[in-house]
Amino acid sequence: FHDLNGKVNYNLSESSIISLSAMYSYDNMYNPSADDIEYDIEWENLNVALNWLQINSKSLFLNSLLSFTNYKFSSKIGIGTNTVSSSSYYVNPNLTDLIFRQTAELNWAMNQKLKTGFEISFHNYDLLYNEYYDLSYEQDPYAGKDINAVEAALFLQNESVFFNSLKTNLGGRLFYFNDTNQLTFEPRISLSYELIYGLYLKGAAAVANQYLHLITRNDIALPSDLWYPATANIQPSRSTQYVFGIDKYFDEESYQTSIEFYYRDMKNIYEFKNSPEINPLNNSIEDQFVQGVGEAYGMELFFQKREGKLIGWIGYTLAWTKRKFDDLNLGRVFYPKYDRRHDLSLAATYSLNDQITFGATFTYATGMRYNAPTGQFIFNPIGISGPAQVLLDYDDLNTNKFPAYHKLDLNFNYKLRMTKTELNFYINLYNVYNRRNAYAQFIVFSEDAEGNEKVMLKRISLFPFIPAAGVSISF
């Protein structure tokens, strides 16, 4: 894997700044020599953005953005003969976005701030998929799908302060998607009230529509995600989210603590149906999707030290995510693969002086869910000769979990300032205690010393202890 990013700012005048930023990243995870499962998975991201900030007066800010984004994902999964899986898989979506956004911010009265703007996005979705990888499919111009779409959005919101204790943010977003010829309105509201000094009650509600679906397979543990846009047959997903929380600041806001509760209702969610038949040479891919609903809810705790030589924060989330599809899991509610019950994050930075800083982060999360058999039985062929077969029995969908995920990262930074240049030398130590976190788990058949067939659970782990060093330059 490698990453490259940079940013250049240029002051056109005291009231006008233009900036150019770019980011490129590439990751490749592969295991071409495996006996049980062969995989070659790649992620590639490119973003270039041109931004122009203008201050026309003391109360009017204008911001123009032109952005180009390209995302590529390739997943080649080949299943060995002794692997307990019905199919292999290949997917290669290539997503390109060109976005223009214009925003304005106006302080039109005392404690009144108006924000408005519009955005136009041009999308190209080049989607390639198949039940197995074949080089000829990549070279066939008629394989897969090529979809173009245009999005347009107009938003307006007003931030207000009343009685120095009540803050409101009321607004909405008008959204148009040409591929489905839909015009939707997304209202949003948030409130914050200072009950006593340093103690705030807050609440929010918002409606959101998403026209790009992340469609997953439950029968393959490795990444099999297909990004697919809304079409005439595939509806955009829609969610309504509610949030309520309490914030408390201590010691002149040097410390902050908060608790927040949320609930999100989701409609028009899509996944692959059971045992999908995927053919890149016809347009039947949408026939392999099933539609359902979902909900997510939970609680978040947060504590932060904001000032001093030692700063940092602790965050904990207790969450549930559920889905229901008439055509999956016999119509019963199930937990999707990304449902994680507990999530804990700690981050701390200690500044020895203006040049030297030390940092540490620790993360812990409940393992992702996956589909695994709950038992096995022997099947003796009837009426034909041949050995008995060991078959597996499954219960509800995604009832099993990976082992818990956790790791500790350490870093050291040294800043060297010259006349107009700043050098930042750093050393990063990832996964210090070499935790072998599970990335995928699957079942294989093997034979014992007596030649009897048995079932074995195998695991793929990623990212052992990794040291890294580098330098960033600002001028």
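What counts and what doesn't
For every chain, the first residue of the written sequence is number 1, and numbering continues from 1 along that sequence. Under the rules for a predicted model, residues below a pLDDT of 70 receive no local features and side-chain atom pairs below 80 are neither given nor counted, while totals for whole chains, interfaces and linings still include all residues. Here the side-chain values reflect all heavy atoms present in the structure, with hydrogen atoms and water set aside. A pocket, in this scheme, is an open set of points on a 1 Å grid over the protein atoms alone with protein on both sides within 12 Å along at least 5 of 7 lines, while a cavity is a set where a 1.4 Å probe fits but cannot get out; residues line either one if an atom lies within 4 Å of a point. Grid points are joined across faces, edges and corners, and a volume is the space filled by probe spheres set on the points. We count a stretch as a helix when DSSP gives it H or I for four or more residues in a row; a strand needs E for two or more, and each element gets its number in order from the N terminus. All amino acids are sorted into three groups, where Ala, Val, Leu, Ile, Met, Phe, Trp, Tyr, Cys and Pro are nonpolar, Asp, Glu, Lys and Arg are charged, and the leftover types, Gly among them, are polar. Working rule for contacts: check all heavy atoms of both residues, and any pair within 4.5 Å makes them a contact. What is meant by a nonpolar core is a set of buried Ala, Val, Leu, Ile, Met, Phe, Trp, Tyr and Cys residues, joined one to another through side-chain atoms within 4.5 Å. Burial classification: accessible surface area is computed with a 1.4 Å probe over protein chains only, and a residue below 20% of its type maximum counts as buried, one above 50% as exposed, and the rest as partly exposed.

J.: Please explain the layout of surface pockets as it appears in this structure.
T.: Once rolled over the atoms, a probe with the size of a water molecule shows which space is left empty. There is about 1,100 Å³ of room inside the largest pocket. With seven residues, the top contributor of residues to the lining of the largest pocket is strand β1 (residues 2-13). Taken together, the residues that form the lining of the largest pocket break down as 24 nonpolar, nine polar and eight charged. Gln210, Leu214, Arg264, Met266 and Arg323 are the residues nearest the centre of the second largest pocket, which is lined by 40 residues in total. Listed by contribution, the elements that provide at least two residues to the lining of the second largest pocket are β6 (94-109), β7 (112-127), β12 (199-210), β13 (212-215), β15 (237-250), β16 (255-272), β18 (310-325) and β19 (342-351). When residues in the lining of the second largest pocket are grouped by element, the largest group, eight residues, is from β16. Of the residues that constitute the lining of the second largest pocket, the class distribution is 16 nonpolar, 12 polar and 12 charged.

J.: Would you explain the environment of Leu214 in this entry?
T.: Residue placement: Leu214 occurs in strand β13. Each C-alpha atom, one on Leu214 and one on Tyr228, is 6.6 Å from the other, the two residues being 14 residues apart in sequence. Ignoring sequence-local partners within four residues, the contact set of Leu214 consists of Asp225, Leu226, Trp227 and Tyr270.

J.: What exactly am I supposed to notice about the nonpolar core here?
T.: Across soluble globular proteins, nonpolar side chains show a tendency to be buried alongside one another. With 35 residues, the main nonpolar core has Tyr89, Leu222, Leu226, Tyr228, Phe272, Ile285 and Phe289 as its most contacted residues. Beyond its immediate sequence surroundings of up to four residues, Tyr228 is in contact with Leu127, Lys145, Ile147, Tyr211, Leu212, His213, Ile215, Ile234, Ile285, Glu286 and Phe289. With 11 residues, the next largest nonpolar core counts Val290, Leu328, Phe334 and Leu397 among its residues.

J.: Looking at this structure, I do not really get empty space enclosed by the protein. What am I missing?
T.: This structure, assessed with the given rule, holds one cavity of 30 Å³ or more. Here the largest cavity is characterised by a volume of approximately 70 Å³. Looking at the largest cavity, the residues that line it are Arg217, Asn218, Ile220, Ala221, Lys337, Met368, Arg369, Tyr370, Asn371, Asn398 and Phe402. By residue class, the composition of the lining of the largest cavity is five nonpolar, three polar and three charged.

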